[in-house]
Amino acid sequence: MSKKLALAAVVLATLSGQALAKSTLTLYTSQPSEDAQMTVNAFEKAHPDIEVKWIRDGTTKLTARLQAEMAAGGAAPDVLLIADSVTMESLKQQDLLAAYHSPEASRYDAQLYDKAGFYYGTKLITTGIAYHTKAPVKPSSWQDLLKPELKNMTTLPSPLYSGAAQIHMAALMNTPQLGWTYYEKLKANGAMPQSGNGAVMSAITSGNKAYGVLVDYMAIREKAKGAPIDFVFPSEGVSMVTEPVAVMKSAKNPQAAHAFIDFVLSDAGQRLVLQQGYLPADASLPVPAGFPPRDSIKLMPFDAARALADAEPNKKRFSDLFGSK
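Below is a summary of the structure that appears in this document. This one's a predicted model, so the numbers in the text were calculated from it and none came from an experiment. (Residues numbered from 1 in each chain as written. Predicted model: local features only at pLDDT ≥ 70, side-chain atom pairs only at ≥ 80, totals over all residues. Heavy atoms only, no water.)

Glancing now at the pattern of salt bridges. The tally for this structure, following the rule as stated, stands at 14 salt bridges. For K315, the salt bridge identified is with E312, shortest N-O distance 3.1 Å. Highlighted residues: K315 and E312, both in helix α11 (residues 304-322), separated by three residues, approximately one helical turn. Connected through shared salt-bridge partners, E104, R107 and D282 make up one network. (Salt bridge = Lys/Arg side-chain N within 4 Å of Asp/Glu carboxyl O. Helix = DSSP H or I, 4+ residues; strand = E, 2+ residues; numbered from the N terminus.)

Okay, here's the thing in structure tokens:
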């Protein structure tokens, strides 16, 4: 009898161990480390049967790493959560992503996700106008940066270095009253590029420049800390980086990857975006502190496939106009 009980105990322990065993999800993300840890913690709490192993780096470095791993036949992530839809479109066209039709997608504006289900935007990081609180003119339009009295006062991130700036340039190309004519007028009015958004913000807060093209959260967070900077969403609209999420075609755990996508698009996932201080992609949710009402923020139309096709010609033309620095 004791042998039977011992055997039953062994069987029970084995079954319990199997029940408690977690599957592993590998995530590559370009989120800031603190945000990435918050996202992973929240997902693991919602899915205690899944353990997330994650690697964080910039989108360009992550995609280079991914390409190298794929070429070497090495391990690859299950899911990607990276900065922009143009990079995702490139991976899609290389046949590296798997389509997944998330049931959460019906709550979102159609331009925030790939219609075939290859990637989904999770937040809106828009680009508008930041300005020093002592600037002579409070801007409300992109056209305000062309005013003669603002000559030599404006800076902007370079699309040769910044993915958000590249997307902003592509969005302006599709806006009739802006486009290349607008960039040419900016140049004529003395606008000078910086390497990226961080450099633009530093130029404004230090007083070296009065105005700058900048992503929203940087200016709004610095203002909340007491920096002499303000931000406006121009009347013609703002471009947007959507931090999309996608499943790799080579994913070893596609079910966990699908669960991750559903989570970041869910109400709980979008409320986490709000908690982190970003504009949620879910338009039914409120905006973070410091943002204007959502219905006052006009989004420029954006076509990721067209932006990808035009990326190199646009960057060359920008370089020809402003120089390569």
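For the rest of this paragraph, the subject is unusual backbone geometry. For D95, which is not a glycine, the phi torsion comes out positive at approximately 60 degrees. Structurally, D95 can be placed in the loop between α4 (85-93) and β4 (97-98). Its relative accessible area of 45% is what places D95 among the partly exposed residues. In this structure, E243 takes a positive phi of about 45 degrees despite not being glycine. Among the secondary structure elements, E243 is positioned in the loop between β11 (239-241) and β12 (244-248). We classify E243 as buried; its relative accessible area is 6%. (Buried < 20%, exposed > 50% of the residue type's maximum accessible area, 1.4 Å probe, protein only.)

Here the focus is the packing of helix α7 (residues 197-205) against helix α8 (residues 216-224). Interaxial distance between α7 and α8 falls to 10 Å at its minimum, and their mutual angle equals 40 degrees. Here α7 runs over α8; the crossing is right-handed. In contact with N197, G198 and M201 of α7, α8 contributes M218, A219 and E222. Taken together, the residues of the contact of α7 with α8 break down into three nonpolar, two polar and one charged. (Axes fitted to C-alpha atoms, helices over the stretch in contact; angles between N-to-C directions. Left-handed = near helix turned anticlockwise from the far one by under 90°. Contact = heavy atoms within 4.5 Å. Nonpolar A, V, L, I, M, F, W, Y, C, P; charged D, E, K, R; others polar.)

To continue, consider the nonpolar core. Ranked by size, the top nonpolar core spans 95 residues in total, and within it L25, L97, L145, Y183 and F260 carry the most contacts. It is helix α9 (residues 254-265) that contributes the most residues to this core, eight residues altogether. Setting aside anything within four residues of it in sequence, one finds F260 in contact with L25, L27, T39, F43, V79, L81 and V245. (Core = buried A, V, L, I, M, F, W, Y, C linked by side-chain atoms within 4.5 Å.)

Relative to the helices and strands, N253 is located in the loop between β12 and α9. Overall, the relative accessible area of 14% leaves N253 in the buried class. Separated by 3.1 Å, the side chain of N253 and the backbone oxygen of T24 make a polar contact. (Polar contact = N/O pair within 3.5 Å; in protein donor to acceptor, adjacent residues only side chain to side chain.)

Another aspect to go through is the packing of aromatic side chains. Applying the stated rule across the entire model yields 10 aromatic pairs. Between the aromatic rings of F43 and F260, the centroid separation amounts to 5.2 Å while the plane-to-plane angle is 65 degrees, which identifies the pairing as edge-to-face. Of the two residues, F43 sits in helix α2 (residues 33-46) while F260 sits in helix α9, which places them 217 residues apart along the sequence. Put simply, the rings of W180, Y182, Y183, F318 and F322 touch in pairs and so form one group of aromatic residues. Here the basic side chain of K123 rests over the ring of Y278, its NZ or CZ set 4.0 Å away from the ring centre. (Phe/Tyr/Trp six-rings, centres within 6.5 Å; stacked < 30°, edge-to-face > 60°. Lys NZ or Arg CZ within 6 Å of the ring centre and 35° of its normal.)

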